[in-house]
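These are the residues of each chain, in order.
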Amino acid sequence: MTDRSQGSRGLRLLGRALLLLYPPSFRREVGSEILRDLELEAAAVRARPHASYGRWSARTARVLVAGAVSEWREGPDPRALAARIPDEKSGALDMFRQDLSFAVRTLRRRPAFAFVAVLTLALGIGSTTAMFSVVRGILLRPLPFPDSEELVTVWETGPEGLGTVDGGLISHADFRDVRDEIPSIGEIALANSASLTVTEDGGAEYVPGARATPGLFAVLETPLLAGRDFTAVEDTPEGPRVAIVAADYWRDRFGDVDDAIGSAIRIGGESHEVVGVAPHGFGYPDDAVLWLPARNDEEGCGRGCVNRGSVARLADGATLESARAELATMSARLESQYPDSNTDKVFAVATLHDVTVGDVRPALWLLLGAVGMVLLIACANVANLILVRGRGRVTEVAIRTTLGAGRRRILKQLMTESGLLALLGGLAGVALAWVGVDLVLAVAPPDIPRLDEVTLDAMSLAFAGLLVVVTTAVFGATPALLVSGIQLTRSLRDGGRGDVTGGRSGRARTTILTAEVALSVMLLVGAGLMVRSLARTTDVDPGFDATDVAIFRLSLPRASYDPEARVQFMDRLLERLNGLPGVESAAIFLAPPLSSVSIWGGFSRTDRPPPEPGEGPTANYRSVGPGALELLGIPIVAGRAFRDSDRRDAEPVVIISERLAAENFPGEDPIGRRIDLQVSTGFPEDAPRTIVGVAGDFRAARLTRTPGRETLVPFAQIGAGFPHVLMKGVDPGAMLDAARAELRALDPELPLMQPSTIEQLAAAQLAQPRFYLLLFGILSVLAVVLAAVGMYGVVAYAVSQRTKEIGVRMALGADGGQVIALVLRQGLVPAGLGLLIGLTGALMAGGVMRGLLYEVAPQDPVTLVAVPVLLLAVVVAACAIPARRATRVSPASALRSE
């Protein structure tokens, strides 16, 4: 036997003898593993000619001493501390299995840490996945039509509206020119939502429908389930009465779909033959279930009658740019050919998808960015938890290094633990996202488009999986790099207690905390701006009184009611409604405030030369009955209101708004003057009209829109077919029920449509801002709570690290106030830096929110002052508990503990 063999045998015997220093339980659990490692080390000594026995002996001693330290100090199980790292010959899968098993055992021994980390990640991943599902369903998912990216819409606008994406309307005559003259447009059709009434078995019901030109289903590349499309003959005022029905509607309402073709259905007081059945799930536009021919009357409603929506498909090889260029050329030709109707008229085109979601796009992207910030804050919190927990793993990492594990090997183990945390957080986050999507859909206002397409689908789950990978890297990398760099000599020197990662760990925690505060500031500023904007919106004076005013709409079909018959019918209905108990007054108001109905056109003064085409003023056109302005509290500031005598056989009269009077009759009394209205509505109008009154300005379309120029004409002088009825009383719901009964008694085939109240219409306009504010507020509160928890954890850890220092200070005479100031400084310094960075970021990103705000600038000083004050208060509160705890440190106990 060689001297080297004898020496290695002696060292093995020495190792066995030293194991006797450990308790029996420790020897039983891990003694054999340590001896196996020592055997391998002995074999390595024999294989290396120049190996140093002294180095091997020192290495063995350090391992055993570290094991003893771990036995008597709180930390992971000694079995885990001494677990052997797989050698290079072990497969990657075996390594991963061991790492995963070790990570599970480690987390099970620290359930509080695991629970907090998983919950924090679940909140971040869940909220982000839920918002991604919403954004995907509304913004990213293609429209439910084949090759939907080729679908566009064409509409008319003025020069000031060029480039906007609002999806307006087009006249039928201009639509025909687009169809015939624009090569980039392959196919085009018109389709408008329509209020349709279906009569069956003596009752009438309102059904969402549409009027469309032939070719709608071809443009959308959606073949009919049965039957055929409309013909050109059917699309005329005197054409045959035909209809296309949705398969789902027919099945639910009438029975077997196979029996639909050729059946008769009574719509709007007329019998229509069913010629086609739309496929299941089809509902364009606006969830329509019945389609009638548009029956465009170009003679009665010419190029100035802009009242049709369009949908088109780009030709092969065409682009939006080529279509815009061709539309510009056509616009110039039509302006010279039809100056009265087409002067300054511009044709715009945009994808159907952009038009459908255009209004909500900025807010949803902003909310997705907000939840991304919350996810980053959650990752930062977990990273801080791991850094703090790394203090208890000093000896473990040192021993693993001693046993031969390289830094890369330790990094893999630590990242496996981070990955397991992220996976558990991801699974819990998916569950939260499932609930979160349902909650978002429950509180979302109905005017947000495509809500029915929002779901937690496979793509959302894949996104959650990606978040798990990203979060593992974000919150796991820095702590793993710092902890894996622990050195054995420093571990033993500090007794496993100190922050052996050095100043890098402290700087990392401070940096992470600063980032948390900065992100929280940006979210709070956004929420604060929305609060201020919503407060401004609710404080707006609309110019009318919406209290206890019920509203409903009627559709008086042409087949049963000519203009005079409509006036007579409404007289009878109002007489009945005004006689109902609880009804203070009832009146007619065509296109009432906040109803989304708008008719506009030009006008001119008869005492002046007519303006050049396209240069005259424009105004909104509304029709009201006697008592309507008084019912809404709209004052008559000059002249008189309408009377019962203002009928078709009387002088044509008009009431104008204050703004219209000020702009068109400056310094003059407009009463008695005459104006000529150029309004193409398809209704008979008498022009010119004598101004008999000036009404106060009111916000007709939206609460956030400046009052417009208004012209009001008596309902009895035009006999419109779709009037609104207003009723004021103490119980709007009871009034609507009573009105439904009275209407049924007068005409069973007329349903009461769109029953509501003016207050509900106003609330609907505020629904989207309130929805965005709710989500932003929840995310902001969550961010602040996470930041406060992170602040508390960092400061509490700092206090535990400085126990001896605090004890010495108090022994030397420091009072509680000085200790509190010392501790608060630990949190206020990174918080102050985070506030500065966050406010700077909020100012730079303020332009993103500009479109969501009303009368509030992104640099609103109130918000920019209130947010730092609030967040500083939260920071101080988070630091107060560990600060108070520090004042109770006994100098003698602190020194003894060290």
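Here the structure is a predicted model, which is why all the values come from computation and not from measurement.

A.B. asks: I keep staring at the pattern of salt bridges and nothing clicks. Help me out?
C.D. replies: Two side chains of opposite charge can pair, provided their charged atoms sit close to one another. A complete count under the given rule lists 32 salt bridges for this structure. Of the charged contacts in the structure, one is a salt bridge between Arg361 and Asp354, with a shortest N-O distance of 2.7 Å. The salt bridge partner of Arg647 is Asp571, with a shortest N-O separation of 2.7 Å. Here Arg647 is found in the loop between strand E15 (636-639) and strand E16 (653-657), whereas its partner Asp571 is found in helix H19 (residues 563-578), with 76 residues between them in sequence. A relative accessible area of 26% places Arg647 in the partly exposed class. By relative accessible area, which is 33% here, Asp571 ends up partly exposed. Through salt bridges with shared partners, a single network forms among Arg605, Asp607, Arg608, Glu668 and Arg673.

A.B. asks: Would you mind showing me how to read the packing of aromatic side chains here?
C.D. replies: The geometry of an aromatic ring pair is captured by the separation of the ring centres together with the interplanar angle, meaning the angle of the planes. Under the counting rule described, the total for this entry stands at 10 aromatic pairs. Seen in terms of ring centroids, Tyr249 and Phe254 are 6.1 Å apart; in terms of plane orientation they differ by 80°. Their pairing is edge-to-face. You can call Tyr249 buried: its relative accessible area is 12%. You can call Phe254 partly exposed: its relative accessible area is 27%. Ring centres 5.5 Å apart and planes at 45° place the aromatic pair Phe282 and Trp291 in the tilted group. Classification of Phe282 by relative accessible area gives buried; the value is 8%. Through successive ring pairs, a cluster of aromatic residues spans Phe145, Phe217, Phe282, Tyr284 and Trp291.

A.B. asks: Sorry, what's going on with the nonpolar core here?
C.D. replies: The tendency in soluble globular proteins is for nonpolar side chains to be buried side by side. Ranked by size, the top nonpolar core spans 114 residues in total, and within it Ile138 and Met791 carry the most contacts. When residues in this core are grouped by element, the largest group, 17 residues, is from helix H23 (residues 758-801).

A.B. asks: Looking at this structure, I do not really get a nonpolar patch on the surface. What am I missing?
C.D. replies: On the surface, Phe115, Val116, Leu119 and Leu385 cluster together into a nonpolar patch covering about 330 Å² of accessible area. Ranked by residues supplied to the nonpolar patch, first place goes to helix H6 (residues 111-140) with three residues. Considering the arrangement of structural elements, one finds Phe115 in helix H6.

A.B. asks: Can you help me understand the pairing of strand E7 (residues 270-278) in this one?
C.D. replies: Looking down a regular strand, the side chains alternate between one sheet face and the other. Bridging between strand E4 (residues 226-227) and E7 involves two bridges; their strand directions are antiparallel. In the sheet register, Ala226 faces E7, and the bridge partner there is Val277. When strand E5 (residues 242-246) meets E7, the two strands line up parallel, connected through five bridges. If you follow Val245 over to E7, its bridge partner there is Val277. If you look at the hairpin formed by strand E6 (residues 264-267) and E7, you'll find two residues sitting between the two strands, and Gly268 has a positive phi there, around 60°.

A.B. asks: Hey, could you run me through the confidence of the model for the chain in this one?
C.D. replies: Should the pLDDT be low somewhere, the predicted coordinates at that spot are not to be read in detail. Residue-level pLDDT values for the chain average 80, and 76% of them are 70 or greater. Highest mean pLDDT in the chain belongs to E5 (95); lowest belongs to helix H4 (residues 78-82) (43). Note that residues 65-90 has pLDDT below 50 and, in this model, 54 contacts with residues that lie over four places away or in other chains. The low-confidence segment residues 488-502, where pLDDT is below 50, has 37 contacts with residues more than four positions distant or belonging to other chains.

A.B. asks: For this particular structure, what's the right way to read helix H22 (residues 732-746)?
C.D. replies: Helical periodicity: at 3.6 residues per turn, an α-helix aligns residues three or four positions apart in one direction. Between its first and last C-alpha atoms H22 spans 21 Å; for 15 residues at 1.5 Å apiece the expected length is 21 Å, and the two agree. Of all the residues in H22, the buried ones are Pro732, Met735, Leu736, Ala739, Glu742 and Leu743. The buried residues of H22 all sit within an arc of 125° when viewed along its axis, so they share a single face. Next to the buried residues of H22 lie strand E11 (549-553), H19, strand E12 (583-590), strand E20 (724-729) and strand E21 (753-757).

A.B. asks: Whenever I open this one, the packing of helix H7 (residues 172-181) against helix H10 (residues 320-337) confuses me. Can you help?
C.D. replies: When two helices pack together, their arrangement is given by the angle between their axes and by how far apart the axes lie. Look at H7 against H10: their axes get within 11 Å of each other, and the N-to-C directions meet at 130°. Here H10 runs oblique to H7, going by the angle between their axes. Regarding H7 and H10, the two cross each other, and that crossing is right-handed. Of H10, the residues touching H7 (which contributes Asp174, Asp177, Val178 and Glu181) are Leu327, Met330, Arg333 and Leu334.

Thresholds, definitions, all that
- Residues numbered from 1 in each chain as written.
- Predicted model: local features only at pLDDT ≥ 70, side-chain atom pairs only at ≥ 80, totals over all residues.
- Heavy atoms only, no water.
- Salt bridge = Lys/Arg side-chain N within 4 Å of Asp/Glu carboxyl O.
- Helix = DSSP H or I, 4+ residues; strand = E, 2+ residues; numbered from the N terminus.
- Buried < 20%, exposed > 50% of the residue type's maximum accessible area, 1.4 Å probe, protein only.
- Phe/Tyr/Trp six-rings, centres within 6.5 Å; stacked < 30°, edge-to-face > 60°.
- Core = buried A, V, L, I, M, F, W, Y, C linked by side-chain atoms within 4.5 Å.
- Patch = residues over 30% accessible without salt bridge, like charges linked within 9 Å, V, L, I, M, F, W, Y side chains within 5 Å.
- Areas by Shrake-Rupley, 256 points an atom, 1.4 Å probe, with all protein chains shown as cover.
- Pairing = 2+ DSSP bridges.
- pLDDT = per-residue confidence, 0-100.
- Contact = heavy atoms within 4.5 Å.
- Expected span 1.5 Å × (residues − 1).
- Arc of directions from axis to C-beta.
- Axes fitted to C-alpha atoms, helices over the stretch in contact; angles between N-to-C directions.
- Parallel < 35°, antiparallel > 145°, perpendicular 65-115°, else oblique.
- Left-handed = near helix turned anticlockwise from the far one by under 90°.

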